[in-house]
Amino acid sequence: MAEPRFDSVPEVREGLKKVDYLSDEGIAGIVYLADRLQKPILVEGPAGTGKTQLAKSVAEMMGARLIRLQCYEGLDESKALYEWNYKKQLLRIQAAGKQDDSGSDEWDALSGDIFSDDFLLTRPLLEAITADDPVVLLIDEVDRVEVETEALLLEILSDYTVSIPELGTIEAKQIPMVFLTSNNTRELSEALKRRCLYLHVDYPDLEREKEIVLTKVPDITESLADQVARIVRSIRNLELKKSPSVSETLDWARTLLLLGVNQIDAETARSTINILLKYQSDITKALRELEDAKSDMAKDTVAAPSS
Ligand SMILES: Nc1ncnc2c1ncn2[C@@H]1O[C@H](COP(=O)(O)OP(=O)(O)O)[C@@H](O)[C@H]1O
Ligand SMILES: [Mg+2]
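So, how was this worked out
Residues numbered from 1 in each chain as written. Chains lettered and ligands numbered in written order. Predicted model: local features only at pLDDT ≥ 70, side-chain atom pairs only at ≥ 80, totals over all residues. Heavy atoms only, no water. Domains from an automatic or database assignment. Contact = heavy atoms within 4.5 Å. Buried area = accessible area lost by both parts, 1.4 Å probe. Salt bridge = Lys/Arg side-chain N within 4 Å of Asp/Glu carboxyl O. Polar contact = N/O pair within 3.5 Å; in protein donor to acceptor, adjacent residues only side chain to side chain. Nonpolar A, V, L, I, M, F, W, Y, C, P; charged D, E, K, R; others polar. Pairing = 2+ DSSP bridges. Helix = DSSP H or I, 4+ residues; strand = E, 2+ residues; numbered from the N terminus. Axes fitted to C-alpha atoms, helices over the stretch in contact; angles between N-to-C directions.

### Thoughts on the domain arrangement of the chain
- As assigned here, the chain comprises domain 1 (9-76 + 123-200), domain 2 (83-114) and domain 3 (206-298).
- The distance between the C-alpha centroids of domain 1 and domain 3 comes to 32 Å.
- Taken together, the 10 residues of domain 1 in the interface contact 8 residues of domain 3.
- Both faces considered, domain 1 and domain 3 share a buried interface measuring about 690 Å² in area, 55% of it formed by carbon and sulfur atoms.
- Seen at the junction of domain 1 and domain 3, the total is 2 salt bridges.
- Measuring nitrogen to oxygen at the nearest pair gives 3.7 Å for the salt bridge that ties Arg208 to Asp24.
- Linking domain 1 with domain 3 are 2 residue pairs in polar contact (both at pLDDT 80 or more).
- Each residue belonging to the side of domain 1 that touches domain 3 can be placed in one class, and the counts come to 3 nonpolar, 4 polar and 3 charged.

Here is the structure:
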């Protein structure tokens, strides 16, 4: 087994913070365990909650190269694992054909030649397995691939070997740190889930979201970051078609900063809420809620006993 890379959960948490990723006990704990147990992490949760960023930040923290396999419908072995460079092979065959009439010996030599490393197009999975340097493999949005491709992924994540009929079996030089992310558009197979450590990433709590804002929008004031985090949180409590994600929180904070806003009043909220919410029905709901919250607060102020 390879040397573990981290000594403790707090060390992971600190390390991530240094590369501007604000984790919590749960996230840091799973990263720590994955390293110890050499198991892939399956990260599930709503869009825009920092799943992809987690893999990137772990790579940065470890000083490792990030190899990303972006999944999509129709992704197959030739784009995920390897394929032969037919064009180059053809050119090689044509070049050989020009040199006199080759006998069968030459043909054997030629086929050995065109099915060699030089003619192999390495795709992300094979690249991660054959890497000499430390790598983090990110299999992003795995819920988008078909079941057959999922089975291929499972096979590779089970024994970290790839068998290429013309070349033989290639064994991993090291077991890379692997992240699979899913936006939960479909259930993944039990077998794949069993193979992985499971991490559910949800919207951050108030304190962590405020910290994320302060980290990613460095010029913002503490008080504005606090208001942004509080308002987003209250909006997320509503029944919405699409709750605002962390990336939308960050967009909103940047917008307010650009507009020179110090205090979010009703007018500012109305004119900028489209950064946060993308459905008119959600916008209407949120604005109504903010109005109510404001008048409640006003009532409280009036009702507060004068001392
Ligand atoms: N915990 C966090 N710490 C720092 N930045 C975060 C965090 N969570 C989300 N972000 C930021 O939010 C944005 C969206 O994150 P992303 O990883 O793309 O989301 P997902 O992959 O879950 O859809 C990124 O710009 C990322 O930097
Ligand atoms: Mg993502």
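We are not done yet, so read on.
### Let's talk about the sheet that holds strand S5 (residues 135-140)
- With parallel pairing, the 5 strands of this open sheet are ordered in space as S2-S5-S8-S1-S9. Strand pairing shows two members of the sheet lacking a second neighbour, strand S2 (65-70) and strand S9 (197-200), which therefore form its edges. Along the sheet, successive strands turn relative to each other by an average axial angle of 20 degrees, direction set aside.
- As paired elements, S2 and S5 share 6 bridges and run parallel to each other. Bridging from a neighbouring strand, Ile67 pairs with Leu137 of S5.
- Sitting on the sheet, helix H2 (residues 25-37) touches strand S1 (41-44), strand S8 (177-182) and S9, and the angle it makes with S9 is about 165 degrees.

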